Structure formats: C-alpha cells, structure tokens
Amino acid sequence: MSPKELAWLRLRGARGVVPPGDAAVDGARYDGAFRHRALSTAGRGATRIWLFVVLFLVWWFWSAGSKSLYFPPLSQILKTVWDQWVTGPARAELTTSLEHLLVGYMIAALVGIGIGALLWSLRYLRDATSPYLYFLYVLPAPVLVPAAMTLFGIGFTMKVVLIAFAAVWPTLLNTLDGMSGVDQVKLDTSRVLGVSSLGNVFRVVLPAASPQIVAGLRNSLQVAIILMVVSEWQASSDGIGFYISNAQQSFDYVGMWSSFIVLAIIGIIANLLFVAAENRALHWHYGARAVEGRNR
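What you see is a predicted model, and the numbers here were worked out from it, not measured in a lab. Residue indices begin from 1 for each chain and proceed along its sequence in written order. Only residues with pLDDT of at least 70 are given local features in this predicted model, and only at 80 or more are side-chain atom pairs given and counted; all residues enter the totals for whole chains, interfaces and linings. Processing note: side-chain calculations cover all non-hydrogen atoms of the structure and skip hydrogens and water entirely.

Overview of the overall build of the chain
Cut-off, in case you're wondering: Numbering goes from the N terminus for both helices and strands, where a helix is a DSSP run of H or I of at least four residues and a strand is a run of E of at least two. Accessible area is worked out with a 1.4 Å probe on protein chains only. A residue is then buried under 20% of its type maximum, exposed over 50%, and partly exposed in between. Throughout, a contact is declared for two residues whenever any of their heavy atoms are within 4.5 Å. Only the protein chains shown count as cover for residues, and the accessible areas themselves come from Shrake-Rupley with a 1.4 Å probe.
Within the chain one finds twelve helices and zero strands. Out of the 296 residues in the chain, the part that is buried amounts to 34%. Here the contacts in the chain between residues at least 6 apart in sequence split such that 65% fall between residues at least 24 apart. A total accessible area of about 18,000 Å² is found for the chain, and carbon and sulfur atoms account for 67% of it.

Shown next as structure tokens:
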C-alpha cells in the first residue's frame, strides 16, 4: 500500500467513511481532502490579517503627506524602526528590555506555579494567606516603582522584581483555582493505586489543571510586557521604556512612534511563540475536546 493510500485510510477511518475499493479513487479523494484543508487554513489566515492590512494601508496613505510634528508619516516611522532598532544603536535598548522581560517572566511563572501548588497542598496555609494574596493581587504594581527604586536602586534587579511581582499573580491564582477544580474521583483513584502525595501532585493534579495554568501564564505574559516598559520609564538609563521617555522629552516623536511599533512586534512574536508552545504542550487536551465534541 502506498503512503498516499495509507494516509487516506487513516483519514477515512477518523471520519468513519467507507470508500470504494479503487486505490486511484482513494488517492484522488485524499488529494481533494488535503487541498480542502490547505485552502481552509489559508482562508483562516487571511481572515485574521485582513483588518491589520486595511489599517496599515489607511495609516500609510493618510499620513503620507503629514507635516505634523506629533503624527509623522508611517514611511518615516518604519525607516526609523530599521535605522534605530534593527541596524542602529537602539538594538542595545531592545536587548536590555528583552532580558528584563525574560528573567522576570520566568521567575513569575516558576514562583506562581510553585506557590499555587504549595497552597493547594496545605489547606490551612491557603486559608491563612488568602486575604493577603488577594490584597497583593489588586495592588497596582506601577505604584510600587518608587519603593522598588528605594530598595533595589535603578538597575537590573529593580526591573526584574517589578515584572515578576506583577506577573506572578495571574499564574498563581489560576494554578490554585485549576488544582482546586480537579475531579475528586481522579484523586481518590490515584490514592487507591498507591501514588504518594507528591506524585499525586505531579502525575494527576498538575496535568489536569494545566489548561487553566497555561491561561494564567498567558495573562502573566501580557502583564510582564506592560511592566517591562513601566519599570524602565522612570529613573532608568536603558531599555525601551527609557527610550520612549527620552524621545518624548527631546521631541523626537518619530523615534517615539517607532518604539511603539517595536513593542507591538514584541507582543505579536511573544504571543505566537506562546501559542506554539501551548499547542504542543496541550495537544492531548485539544484532541480530547475535539473527540468529545464529535461524540455529542
């Protein structure tokens, strides 16, 4: 049996279709199904980017003849993005900000999942600390910038601490809620099978709560990007936030707009990478949901 025929058989078996015995017909149907899937994927991609393309074109032509200091032409902004952020000196600011973002976000992710799992395991500790956790959660992180500057100075540590502090809460609370919502039958079954308490956490609870944990990690990523800029905004000598503040104070509005474009690109790339990692890590979850949907 050729690979094409084998692939068609798998596709046919998944859909419960009974094909004719002619292998040529099977192959033709497989080709048709493959083309249909490719066109469907392309159609979804076009649906997602059409608004971006329209807005880009509107901005380009609307600003083409602009003489305003505050709203320069888009062509000039994109040229500055290339000259400053890709090949120019602003690459150092970009690298510094990405270091702050990566370290702060990783700390928030590890601490959030770890403390969430610990609080789930220790009920009395969870009840005792719950009011304080929600107090810290609703406390706006930007107002802590002066206190962080006093404690840690204006260097790398202050920025990472602020990013981690603000980004830890969505992950922590989603981890705690996700683990608390695990089916009790699964927990009882694992205990009957002799799984230890620690093994129960890693083999049963965390995998079952992983979709909600991933949702918390995505929210934490958004918060981390915001705090990356805020932490560099005041009393800083490097980073994208410093670049924006310096450009605004020196009336370099083209540079300021270019930094907004760079921030948007960072957000898009970070989200795409996160979605790719999420799909790989939770492919079993999405597959189970798809099967469940077909069986209803």
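Things to note about the packing of aromatic side chains
Under the convention used in this document: Any two of the Phe, Tyr and Trp rings considered here, Trp counted by its six-membered ring, make a pair once their centres fall within 6.5 Å; the pair's planes then place it as stacked at under 30 degrees, edge-to-face at over 60, or tilted in between.
Applying the stated criterion across every chain, the model contains nine aromatic pairs. Each ring, one from F71 and one from W257, has its centre 6.0 Å from the other, and the planes form 50°; the classification is tilted. Of this pair, F71 sits in the loop between helix 2 (23–62) and helix 3 (74–86) while W257 sits in helix 11 (residues 253–281), placing them 186 residues apart in sequence. Each ring, one from W257 and one from F260, has its centre 5.7 Å from the other, and the planes form 75°; the classification is edge-to-face.

Focus on the nonpolar core
Test applied: For this analysis, a nonpolar core means a set of buried residues of the types Ala, Val, Leu, Ile, Met, Phe, Trp, Tyr and Cys, connected via side-chain atoms within 4.5 Å.
W85, W120, M179, M228, I240 and V262 are the most contacted members of the largest nonpolar core, which has 53 residues in total. Excluding residues that lie within four positions of it along the chain, I240 makes contacts with W85, E93, L94, S97, M228, E232, S259, V262, L263 and I266.

Regarding helix 7 (residues 156–180)
Heads up, the condition is: Expected helix span is given by 1.5 Å per residue-to-residue step, counting one fewer step than there are residues. Throughout, the bend at a residue refers to the angle made by two axes, fitted to the seven residues ending there and to the seven starting there.
Look at helix 7: 36 Å from first C-alpha to last across 25 residues, which is about the 36 Å you get at 1.5 Å a residue. If you look at helix 7, its biggest bend is around 35°, right at V168, and the proline P170 turns up within four residues after that. Within helix 7, 19 of the 25 residues are buried, which leaves it mostly tucked inside the rest of the structure.

A short note on a nonpolar patch on the surface
As a reminder, the rule being used: A patch consists of residues exposed above 30% relative accessible area that lack any salt bridge, with like charges linked at up to 9 Å and nonpolar side chains (Val, Leu, Ile, Met, Phe, Trp, Tyr) linked at up to 5 Å. The term salt bridge refers to a pairing of a side-chain nitrogen on Lys or Arg with a carboxyl oxygen on Asp or Glu at a separation within 4 Å.
On the surface, L102, V103, M106, I107, V111, I115 and F156 cluster together into a nonpolar patch covering about 550 Å² of accessible area. For the nonpolar patch, the element with the most residues is helix 4 (residues 91–121), which contributes six residues. Looking at the element boundaries, V111 is found in helix 4. Judged by relative accessible area, which is 35%, V111 ranks as partly exposed.

Brief notes about the packing of helix 3 against helix 4
Stated precisely, the cut-off is as follows: Working convention: axes come from line fits to C-alpha atoms, limited for helices to the stretch in contact. Angles between N-to-C directions cover 0 to 180 degrees. Each angle is binned into one of four classes, with values under 35 degrees roughly parallel, values over 145 roughly antiparallel, values of 65 to 115 roughly perpendicular, and all other values oblique. All amino acids are sorted into three groups, where Ala, Val, Leu, Ile, Met, Phe, Trp, Tyr, Cys and Pro are nonpolar, Asp, Glu, Lys and Arg are charged, and the leftover types, Gly among them, are polar.
The N-to-C vectors of helix 3 and helix 4 enclose an angle of 70°; their axes lie 7 Å apart at closest approach. As far as their axial angle goes, helix 4 and helix 3 are roughly perpendicular. The residues of helix 4 that touch helix 3, namely those facing Q84, W85 and V86, are R91, E93 and L94. In terms of residue class, the contact of helix 3 with helix 4 is built from three nonpolar, one polar and two charged.

Some words on the packing of helix 3 against helix 11
Between two packed helices, both the angle of their axes relative to each other and the distance between the axes serve to describe the pair. At a minimum axis separation of 8 Å, helix 3 and helix 11 run at an interaxial angle of 75°. When the interaxial angle is binned, helix 3 and helix 11 end up roughly perpendicular. From helix 3, Q76, I77, T80, V81 and W85 reach across to helix 11, where they touch V254, G255, W257, S258, S259, I261 and V262. Grouping the constituent residues of the contact of helix 3 with helix 11 by class yields seven nonpolar, five polar and no charged.

Thoughts on the pattern of salt bridges
Any two side chains of opposite charge can pair, on the condition that their charged atoms come close. For the structure on display, the rule yields three salt bridges. D83 is the salt-bridge partner of K79, the closest N and O atoms lying 2.7 Å from each other. With K79 and D83 both in helix 3, this residue pair falls four residues apart, about one helical turn. With relative accessibility at 32%, the residue D83 sits in the partly exposed group. Between D127 and R123 there is a salt bridge; the shortest N-O distance is 3.9 Å. With D127 and R123 both in helix 5 (residues 123–138), this residue pair falls four residues apart, about one helical turn. Overall, D127 belongs to the partly exposed group, its relative accessible area being 46%.

Overview of the side chain of S231
Inspection of the secondary structure puts S231 in helix 9 (residues 197–231). With residues near it in sequence (within four places) discarded, S231 still touches M158, K159, L162 and I163.

Quick notes on the confidence of the model for the chain
As a reminder, the rule being used: Residue-level confidence of the predictor, termed pLDDT, takes values from 0 up to 100.
Confidence in the prediction for the chain averages 81 pLDDT; 80% of positions are at 70 or higher. Helix 1 (residues 3–15) is the least confidently modelled element of the chain, averaging 46 in pLDDT, while helix 4 averages 93, the highest of any element. Scored below 50 in pLDDT, residues 7–21 makes 16 contacts in the model with residues more than four places away or belonging to other chains.

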